[in-house]
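Below, each chain spelled out in residue letters.
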2 protein chains.
Amino acid sequence: MEFTIQRDQLTNAINTVSKAVSSRTTIPILTGIKIVAHEDGVTLTASDSDVSIEQYIPMESGDHQWIENITPGSIVLPSRFFGEIVRKLPGEQVTISVNDRFVTTISSGRSEFNLNGMNAEDYPRLPQIEEDKVLSLPADLLKTMIRQTVFAVATTETRPILTGVMWNLSEGILSFVATDSHRLTTRKATVESTSELSFDNIIIPGKSLIELSKILPDDDQLVDLVITDNQILVKVSYVLFYSRILDGTYPDTSRIIPQNMKTEIILSTKEFLGAIERASLLARDGKNNVVRLFTRPDGVVELSSNTPEVGKVTEEVVPSSVDGEDVKISFNAKYMIDALRAVDSGEIRVEFTGAMSPFIIRPTEHDWILHLILPVRTNQ
Amino acid sequence: MEFTIQRDQLTNAINTVSKAVSSRTTIPILTGIKIVAHEDGVTLTASDSDVSIEQYIPMESGDHQWIENITPGSIVLPSRFFGEIVRKLPGEQVTISVNDRFVTTISSGRSEFNLNGMNAEDYPRLPQIEEDKVLSLPADLLKTMIRQTVFAVATTETRPILTGVMWNLSEGILSFVATDSHRLTTRKATVESTSELSFDNIIIPGKSLIELSKILPDDDQLVDLVITDNQILVKVSYVLFYSRILDGTYPDTSRIIPQNMKTEIILSTKEFLGAIERASLLARDGKNNVVRLFTRPDGVVELSSNTPEVGKVTEEVVPSSVDGEDVKISFNAKYMIDALRAVDSGEIRVEFTGAMSPFIIRPTEHDWILHLILPVRTNQ
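Scoring rules and cut-offs
- Residues numbered from 1 in each chain as written.
- Chains lettered and ligands numbered in written order.
- Predicted model: local features only at pLDDT ≥ 70, side-chain atom pairs only at ≥ 80, totals over all residues.
- Heavy atoms only, no water.
- UniProt positions renumbered as here; feature names shortened; annotations may be inferred.
- Helix = DSSP H or I, 4+ residues; strand = E, 2+ residues; numbered from the N terminus.
- Contact = heavy atoms within 4.5 Å.
- Buried area = accessible area lost by both parts, 1.4 Å probe.
- Salt bridge = Lys/Arg side-chain N within 4 Å of Asp/Glu carboxyl O.
- Polar contact = N/O pair within 3.5 Å; in protein donor to acceptor, adjacent residues only side chain to side chain.
- Nonpolar A, V, L, I, M, F, W, Y, C, P; charged D, E, K, R; others polar.
- Pairing = 2+ DSSP bridges.
- Buried < 20%, exposed > 50% of the residue type's maximum accessible area, 1.4 Å probe, protein only.
- Axes fitted to C-alpha atoms, helices over the stretch in contact; angles between N-to-C directions.
- Parallel < 35°, antiparallel > 145°, perpendicular 65-115°, else oblique.
- Left-handed = near helix turned anticlockwise from the far one by under 90°.
- Core = buried A, V, L, I, M, F, W, Y, C linked by side-chain atoms within 4.5 Å.
- Phe/Tyr/Trp six-rings, centres within 6.5 Å; stacked < 30°, edge-to-face > 60°.
- Lys NZ or Arg CZ within 6 Å of the ring centre and 35° of its normal.
- Domains from an automatic or database assignment.

### Quick word on the UniProt feature "domain: DNA polymerase III beta sliding clamp N-terminal" (unreviewed entry) in chain A
Alright, step 1. UniProt's feature table lists "domain: DNA polymerase III beta sliding clamp N-terminal" (unreviewed entry) at residues 1-127 of chain A, given in the numbering used throughout.
Alright, step 2. Strand forms 46% of residues 1-127 of chain A and helix 17%; the C-alpha atoms that close the span are 25 Å apart.

### Considering the interface of chain B and chain A
Alright, step 1. The partner chain A presents 31 residues to the 31 residues of chain B that form the contact.
Alright, step 2. Summed over both partners, the interface of chain B with chain A buries about 2900 Å², with 49% contributed by carbon and sulfur atoms.
Alright, step 3. Of all residues in chain B, Arg110, Arg278 and Leu281 of chain B give up the largest surface area on contact with chain A, accounting jointly for 22% of the area buried on that side.
Alright, step 4. In this assembly, chain B and chain A are joined by two salt bridges.
Alright, step 5. Here chain B is connected to chain A by 18 residue pairs in polar contact (both at pLDDT 80 or more).
Alright, step 6. When residues of the side of chain B that touches chain A are traced back to their parent elements, those giving at least two are helix H2 (79-88), strand S11 (111-116), helix H5 (269-279) and strand S23 (311-317) of chain B.
Alright, step 7. Of the residues belonging to the side of chain B that touches chain A, the class tally is 13 nonpolar, five polar and 13 charged.
Alright, step 8. With five bridges connecting them, strand S23 (residues 311-317) of chain A and S11 of chain B associate as antiparallel partners. By the bridge assignment for S11 of chain B, Gly311 of chain A is matched with Leu115 of chain B.

### Concerning the side chain of Thr228 of chain A
Alright, step 1. Relative to the elements of secondary structure, Thr228 of chain A occurs in the loop between strand S17 (222-227) and strand S18 (231-236).
Alright, step 2. Residue Thr228 of chain A is classed as buried on the basis of its relative accessible area of 18%.

### So, the pattern of salt bridges
Alright, step 1. Applying the stated criterion across every chain, the model contains 32 salt bridges over all chains.
Alright, step 2. Put simply, Asp50 of chain A and Arg244 of chain A hold a salt bridge, and the shortest N to O gap is 2.7 Å. Taken together, the residues Asp50 of chain A in the loop between strand S3 (41-47) and strand S4 (51-58) and Arg244 of chain A in strand S19 (residues 239-244) connect sequence positions 194 residues apart.
Alright, step 3. Judged by relative accessible area, which is 32%, Arg244 of chain A ranks as partly exposed.
Alright, step 4. Across the salt bridge formed by Arg296 of chain A and Glu316 of chain A, the nearest N and O atoms sit 2.9 Å from each other. Of the two residues, Arg296 of chain A sits in the loop between strand S21 (290-295) and strand S22 (301-307) while Glu316 of chain A sits in strand S23, which places them 20 residues apart along the sequence.
Alright, step 5. One continuous salt-bridge network, built from bridges that share partners, spans Arg110 of chain A together with Arg296, Asp298, Glu302 and Glu316 of chain B.

### Remarks on the sheet that holds strand S12 (residues 134-138) of chain B
Residue and element names in this part refer to chain B.
Alright, step 1. What the eight strands build is an open sheet, ordered S8-S2-S3-S4-S19-S18-S17-S12; its pairing is antiparallel. One side of each edge strand has no neighbouring strand; the edge strands of this open sheet are strand S8 (73-78) and S12. Sheet twist, expressed as the mean angle between neighbouring strand axes with direction ignored, is 20°.
Alright, step 2. Across the face of the sheet, H2 comes into contact with strand S2 (32-37) and S8 while running at roughly 95° to S8.
Alright, step 3. Along the sheet face, helix H4 (residues 206-215) touches strand S4 (51-58), strand S18 (231-236) and strand S19 (239-244) and points at about 170° away from the line of S19.

### Overview of the packing of helix H1 (residues 7-18) of chain A against helix H2 (residues 79-88) of chain A
All names here are of chain A.
Alright, step 1. For the pair H1 and H2, the least separation of the axes is 9 Å and the interaxial angle reads 150°. Considering the angle they form, H1 stands roughly antiparallel to H2. Handedness of the H1/H2 crossing: left-handed. Note on element contacts: H2 touches H1 through Phe82, Gly83, Val86, Arg87 and Lys88, opposite Arg7, Leu10, Thr11, Ile14 and Asn15.

### Focus on the sheet that holds strand S1 (residues 2-6) of chain A
Alright, step 1. Spatially, S7(A)-S1(A)-S9(A)-S10(A)-S11(A)-S23(B)-S22(B)-S21(B)-S25(B) is the arrangement adopted by the nine strands of the open sheet, whose pairing is antiparallel. Across the chains shown, the open sheet's two edge strands, defined by having one partner strand only, are strand S7 (67-71) of chain A together with strand S25 (328-332) of chain B. Between one strand axis and the next, the sheet turns by 15° as a mean value, whatever way the strands run.
Alright, step 2. By the bridge criterion, four bridges tie strand S9 (residues 93-98) of chain A to strand S10 (residues 103-108) of chain A in an arrangement that is antiparallel.

### A short note on the nonpolar core
Alright, step 1. Phe3, Ile35, Phe82, Ile106, Leu142 and Trp167 of chain A are the most contacted members of the largest nonpolar core, which has 73 residues in total.
Alright, step 2. Top contributing element to this core by residue count: helix H3 (residues 139-147) of chain A, with five residues.
Alright, step 3. With near-sequence residues (within four places) excluded, Ile35 of chain A lies in contact with Met1, Phe3, Val42, Thr43, Leu44, Gly73, Ser74, Ile75, Leu77 and Phe82 of chain A.
Alright, step 4. One finds Leu44, Phe82, Leu89 and Ile96 of chain B within the second-largest nonpolar core, a separate group that totals 71 residues.

### Re the packing of aromatic side chains
All names here are of chain A.
Alright, step 1. Under the definition given, this model contains eight aromatic pairs over all chains.
Alright, step 2. Ring centres of Trp167 and Phe176 lie 4.4 Å apart, and the angle between their planes is 5°; this geometry places the pair in the stacked category. Just as Trp167 is buried, Phe176 falls in that class too.
Alright, step 3. One aromatic cluster is present, formed by Phe331, Phe352 and Phe359 through successive ring pairs.
Alright, step 4. For Arg80, the ring lying beneath its charged end belongs to Phe81, and the centroid distance is 4.7 Å.

### A closer look at the domain arrangement of chain A
Residues and elements named next belong to chain A.
Alright, step 1. Segmentation of chain A into domains returns domain 1 (2-122), domain 2 (134-244) and domain 3 (257-373).
Alright, step 2. A straight line from the C-alpha centre of domain 1 to that of domain 2 covers 29 Å.
Alright, step 3. Contact residues are listed per partner, giving ten residues for domain 1 and eleven residues for domain 2.
Alright, step 4. Here domain 1 and domain 2 share an interface that buries about 1100 Å² over both sides, 60% of which is from carbon and sulfur atoms.
Alright, step 5. Looking only at domain 1, the three residues that lose the most surface to domain 2 are Lys19, Asp50 and Glu54, adding up to 43% of its buried area.
Alright, step 6. Linking domain 1 to domain 2 there are one salt bridge.
Alright, step 7. Counting the contacts that link domain 1 with domain 2 gives four residue pairs in polar contact (both at pLDDT 80 or more).

Structure (structure tokens):
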């Protein structure tokens, strides 16, 4: 194998695939990056067996010649050294050639490295995916939907299925659901798809989605999603992102969303968020980070918390409107902060159904986002 | 105690003094910030007993009214909570008032905190310093001199005296010396002072200097240094910075600087630094991070390192000039990288006196900086 490549192109590709490199050394070859030189370009691959990322760099694109003098072949190079070497090389071009016994020469300007590589034949194959269910949507929409849901997945493995975000596509509506059993988030969006295309109970690990999010661009270029029984493939220009899908059945969350609303408060998201953040400052070290909320007779929403050894705090928020019964409820401030940061709306509607029942936060502007939080029982 | 203050002014003062707050809780009151309200302003103080920082905020400065309605008094507030509260308060002004039993009300806009404080009478007194030895120099010069020396102090406590930078003032020349016994750095500068003013063997902990550096502005406003037998006081506008001085006698380092130079190489600092950084990439995990340097018959300086399990690297640097005997020497790349980053000169002069003797790095442009590095014995 041998080729000469623009260093910037190679650096970008290494940065992209590196996100999937395994940090565990139980399978040593997965700590490396696989490089394959084809007649028409070079492919880099990394995988930690949950997530795999493959980037193709074509020989030329538009007016740009990115790779020259390709002799096809393959090698696996230790990712940490390979990445740092390429980033620090002095020249604009890098020549990579594999000698015998997998020793690889990386040279640029007056710098020459000989790095011990591994046999690419020993690198695990990526999943073979048949492209029968393909959904296209804008990259920035997918990225936003991930950001607005992934924070709510469970971080403990008590119920592994809850560490993923559940995807569902039905009648042109894509919906994401995440819950850790204390709070729940749903995000829906209309997508262009053929009416025959639908799927349900596709549960993608939260960690995979966080990595996917990092490689999604912030523009509306279309990405393709290919979904199979145990793998999802996301195609973003020259990058292929694979993730395994969690095995099991996601709980039916539709029934826990209460319908019998007793109080509705409309508030400025920013003011409410600031007040909750301050009200939780002293509570943070206490268990559950509990903040109390009650509606005062003068129409003001009061938030408070009390940590006897440190002190107490009282916050007032003047709502746009309050309708219904008085409210007196306690909740985990972190769940509220997460929800308010993800809601992307100037005003929110909070709907209460009783001191010990879940309450709902939605944007006032649309119905595509819903957050549900379980209150906390307190002695006060 | 009570006063109302501009939140920005208070936030800045908290940020400044917080650098001295103790992270250990062995003396609980030192985890707090002492606040004293005088008739004409407010003083904030923090200390970890090695370093103390005091900032004064006057009631008004120029056209700005910073503090109003002062009732003199004092309190100590837990620094972590106090800092976070003030940073997140909603209004432009903050009112702080101490109630009975040291409970302190902090209010701003529709937010009100009650924080448990401590009795300021229990806070340790700062050292009393007689201002007989005062030296004035520009803040940016002091900051540069610290940056160019402090990296070379010892980080282990084997010889505690080496964890400090030694300051000396004699005949209008201020010099800083730092060594960890493997490498040595000196930085000198002319300062304006009366000829009677001199001091020697003033050893200031490296950690204190790193903190001092953070509060020094990047301009040439004059700062005052007051030096006593066991404390140094640095005055930067309204901030007083105190540090203890290390007890003991600093080794006489003047004699280890070799005079009988055998080879002199002049190089581009940037090219040499890049080559050393790359040459050390594979060696980093090995002990001592050793890089070899030798002068080739064709006049090129070759750097190399070899870590059999990972690979090897060869770098070439074309020097501006080489004079004297051939050189073949090994050294710790980290020491060379530190020195080259601190040298602030486009070209450097490296002077060798033999394969097992210390070598010297200086800027070609002036004689104010000198780095000395001991070579490493290798089997090759």
